[in-house]
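# A look at the structure
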Amino acid sequence: MRILLTGASGFIGRHLLGALLAEGHHVICAERTPRTSTEARLSFIHADFAKDTDKSVWRARLAGVDMVINTVGIFRETAHQKFDALHTLAPCALFAACAEAEVRLVIQFSALGADDAANTPYHLSKKAADDYLASLPLRSFIVQPSLVYGKDGASARAFKALASMPFCIRFGHAPQLVQPIHVDDVVGAIIGLIKHPPPVPPSGQTAQRIALVGPAPLPFITYLAALRAAMGMGAPRVLRLPTGLSYLLAKLGRFLPGAMLDEDALRMLDRGNSADPFMTARLLGRMPRPVADFITDPAAERAQAKLAWLLPPLRASIALVWIATAIVSFGLYPVEDSYRLLERTGIPAQYRPLMLYGAAGFDLALGLGILFLARRRWLWLAQIALIGFYSVIIAWRLPEFLLHPYGALTKNLPLLAALWLLYELEEK
């Protein structure tokens, strides 16, 4: 079939795309930044769910399309990506256009919990689109996955990091049942849904909701323990936090870039996330795989999980070194003493204030850059070069620091090693 796949560059979309092509389908990928393709059965078009909220925009894209699969979704809003647009308005416009174009089948990726008991903006925005799709005269399936695990998934990386920490944190006292499913099983279930769709129910309702879940529900802390065991680590030590403190930390988490825990996430976790695995097993032709089988390379994934929580404090400590150095140089250390050191390095008197405060300002900029810049590979190289330059000048002009009992200069060696590590591990 000719399939329009939205969100093809996202976590589930990436995995689903390969499977659809392997099944022989022609796939049109709707992305904000379209790519080029040499594959005859693969093409890309521009689409932006933040803006494409009118059905006429989508109607033009559906010529010759047999099926639409919508995988677009965000877990947390940003300045430019809102639940209302991405989860509700744009999908509803797409579904309305599908009805007019007489598309044969629509598969909508929703979320387990997007039902009548939904109480968070994430679930409510998903439910609004689901309900609208269900009201249209379209053959459609609304798939509702539980937590989806994939080695390249953001949530999986976060949960493995939590599992690998010295303490696994237990947020509050609710059971917090989850039923994780591997992304390969999600994709397998969708392929099964396309090949062997369940019959239309006797009620004649053309839309069907299907939960995609793992074999059995388990408490979230048990999920972390299972991930930890699969990575080859021992039984976790559990740090239990009272409910009030858990929600306070969740409130602070909203302001941390990349953090997955906020008040809404904790409310959804407390509510639970589980369902009957019968339909998932029916579509797969077997039971979905258990958590114990999620991790295929324990040593590598254990190292990756530990780095996920070890690298942030390393970055923060280096940033603090630069910021503290800047503050000290701006006047906490006697300025005249700083000038005397600059004199010994050969700096003329008229340039010493510029060198002192210029260097302090640059140090401050480096520290703030580490904390707030999204792309930092060049920043690690700049620090390596600067520390190397400082070290050579000080060793040449101020040789007493080489033998200082506090290791004022030799401490640069582990700092340089740490900076090189951060450069090598930084995402390109």
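Residues numbered from 1 in each chain as written. Predicted model: local features only at pLDDT ≥ 70, side-chain atom pairs only at ≥ 80, totals over all residues. Heavy atoms only, no water.

This part takes up the overall build of the protein. When its secondary structure is counted, the protein shows 15 helices and 13 strands. In terms of overall dimensions, the protein has C-alpha extents of about 90 × 50 × 40 Å along its principal axes. The burial tally for the protein puts 45% of its 428 residues in the buried class. Long-range contacts, defined as pairs at least 24 residues apart, comprise 74% of the intrachain contacts of the protein with a sequence gap of at least 6. Working note: accessible area of the protein is about 21100 Å², and carbon and sulfur atoms make up 63% of it. (Helix = DSSP H or I, 4+ residues; strand = E, 2+ residues; numbered from the N terminus. Buried < 20%, exposed > 50% of the residue type's maximum accessible area, 1.4 Å probe, protein only. Contact = heavy atoms within 4.5 Å. Areas by Shrake-Rupley, 256 points an atom, 1.4 Å probe, with all protein chains shown as cover.)

Here we come to the sheet that holds strand β3 (residues 42–46). Pairing within the open sheet is parallel, and its seven strands lie in the order β3-β2-β1-β4-β5-β6-β11. Looking at strand neighbours, the two that pair on one side only are β3 and β11 (207–212), the edges of this open sheet. With strand direction ignored, the average angle separating the axes of adjacent strands in the sheet is 20°. When strand β1 (residues 2–6) meets strand β4 (residues 67–70), the two strands line up parallel, connected through four bridges. Considered in β4, the bridge of Ile3 is made with Met67. (Pairing = 2+ DSSP bridges. Axes fitted to C-alpha atoms, helices over the stretch in contact; angles between N-to-C directions.)

Moving on: helix α9 (residues 263–271). Among all positions in α9, only Asp264, Ala265, Leu266, Met268 and Leu269 are buried. Those residues of α9 that are buried are in contact with α4 (121–135), β8 (167–171), β9 (177–178), α7 (220–230) and α8 (243–253). Put simply, Asp262 is the residue that caps the front of α9, since its side-chain oxygen is 3.2 Å from the backbone nitrogen of Asp264. Two residues or fewer past α9, Gly272 is found with a positive phi of approximately 100°. (Polar contact = N/O pair within 3.5 Å; in protein donor to acceptor, adjacent residues only side chain to side chain.)

Here Gln383 is to be found in helix α14 (residues 377–397). Apart from the residues lying within four places of it in its own chain, the contact partners of Gln383 are Ile318, Trp322, Leu366, Ile370 and Leu419.

Right, let's talk about a nonpolar patch on the surface for a bit. There is a patch of nonpolar side chains on the surface, built from Leu245, Leu248, Leu249 and Leu252 and spanning about 330 Å² of accessible area. By secondary structure assignment, the location of Leu245 is in helix α8. What makes Leu245 partly exposed here is its relative accessible area of 37%. (Patch = residues over 30% accessible without salt bridge, like charges linked within 9 Å, V, L, I, M, F, W, Y side chains within 5 Å. Salt bridge = Lys/Arg side-chain N within 4 Å of Asp/Glu carboxyl O.)

This brings us to the layout of surface pockets. As a volume, the second largest pocket reaches approximately 1500 Å³. As for the second largest pocket, its lining consists of 33 residues, of which Thr325, Ser329, Asp363, Tyr390 and Ile394 are closest to the centre. Counting only elements with at least two residues in the lining of the second largest pocket, the list comes to α11 (298–332), α12 (335–344), α13 (352–372), α14 and α15 (412–425). The biggest single contributor to the lining of the second largest pocket is α13, with seven residues. Residue composition of the lining of the second largest pocket, by class: 23 nonpolar, eight polar and two charged. (1 Å grid on protein atoms, 1.4 Å probe; cavity = no way out; pocket = protein on both sides within 12 Å on 5 of 7 lines; lining within 4 Å. Points joined across faces, edges and corners; volume = space filled by probe spheres on them. Nonpolar A, V, L, I, M, F, W, Y, C, P; charged D, E, K, R; others polar.)

Here we come to the pattern of salt bridges. One pass over the full model with this rule turns up 19 salt bridges. Its salt-bridge partner being Lys195, residue Glu23 comes within 3.2 Å of it at the nearest N-O pair. One end of the pair, Glu23, is in the loop between α1 (11–22) and β2 (26–31); the other, Lys195, is in helix α6 (residues 183–195), and 172 residues separate them in sequence. A relative accessible area of 49% means that Lys195 is categorised as partly exposed. Close ionic contact of Glu31 with Arg35 constitutes a salt bridge, the shortest N to O distance being 2.4 Å. Residue class for Glu31 comes out buried when judged on its relative accessible area of 4%.

The next thing to look at is unusual backbone geometry. Phi is positive for Glu102, close to 55°, though the residue is something other than glycine. Of note, Glu102 is situated in the loop between α3 (83–101) and β5 (105–109). Taking the relative accessible area as the measure of exposure, Glu102 reaches 68% and is therefore exposed. Backbone geometry places Gln176, a non-glycine residue, at a positive phi of 55°. Structurally, Gln176 is set in the loop between β8 and β9.

With that out of the way, let us pick up the packing of aromatic side chains. Aromatic ring pairs are described here by two measures, namely the spacing of the ring centres and the angle between the planes. Scanning the model with the defined rule gives ten aromatic pairs in all. Through a chain of ring-to-ring contacts, the aromatic side chains of Phe75, Phe83 and Tyr122 assemble into a single cluster. If you follow Arg61 out to its NZ or CZ, it ends over the ring of Trp58, 4.7 Å from the centre. Against the face of Trp396 rests Arg397, its NZ or CZ located 4.4 Å from the ring centre. (Phe/Tyr/Trp six-rings, centres within 6.5 Å; stacked < 30°, edge-to-face > 60°. Lys NZ or Arg CZ within 6 Å of the ring centre and 35° of its normal.)

The next thing to look at is the nonpolar core. Leu20, Ile69, Ile107, Phe109, Ile190 and Leu212 are the most contacted members of the largest nonpolar core, which totals 34 residues. Ranked by residues supplied to this core, first place goes to α6 with eight residues. Discounting residues that sit within four places of it in the chain, Leu212 has contacts with Val143, Gln144, Pro145, Ser146, Ile181, Val186, Ala189, Ile190, Thr280 and Leu283. Counting residues in each nonpolar core, the second largest holds 33 residues, with Ile28, Leu86, Cys98 and Leu138 among its members. (Core = buried A, V, L, I, M, F, W, Y, C linked by side-chain atoms within 4.5 Å.)

By themselves, these observations are geometric and do not establish any function.
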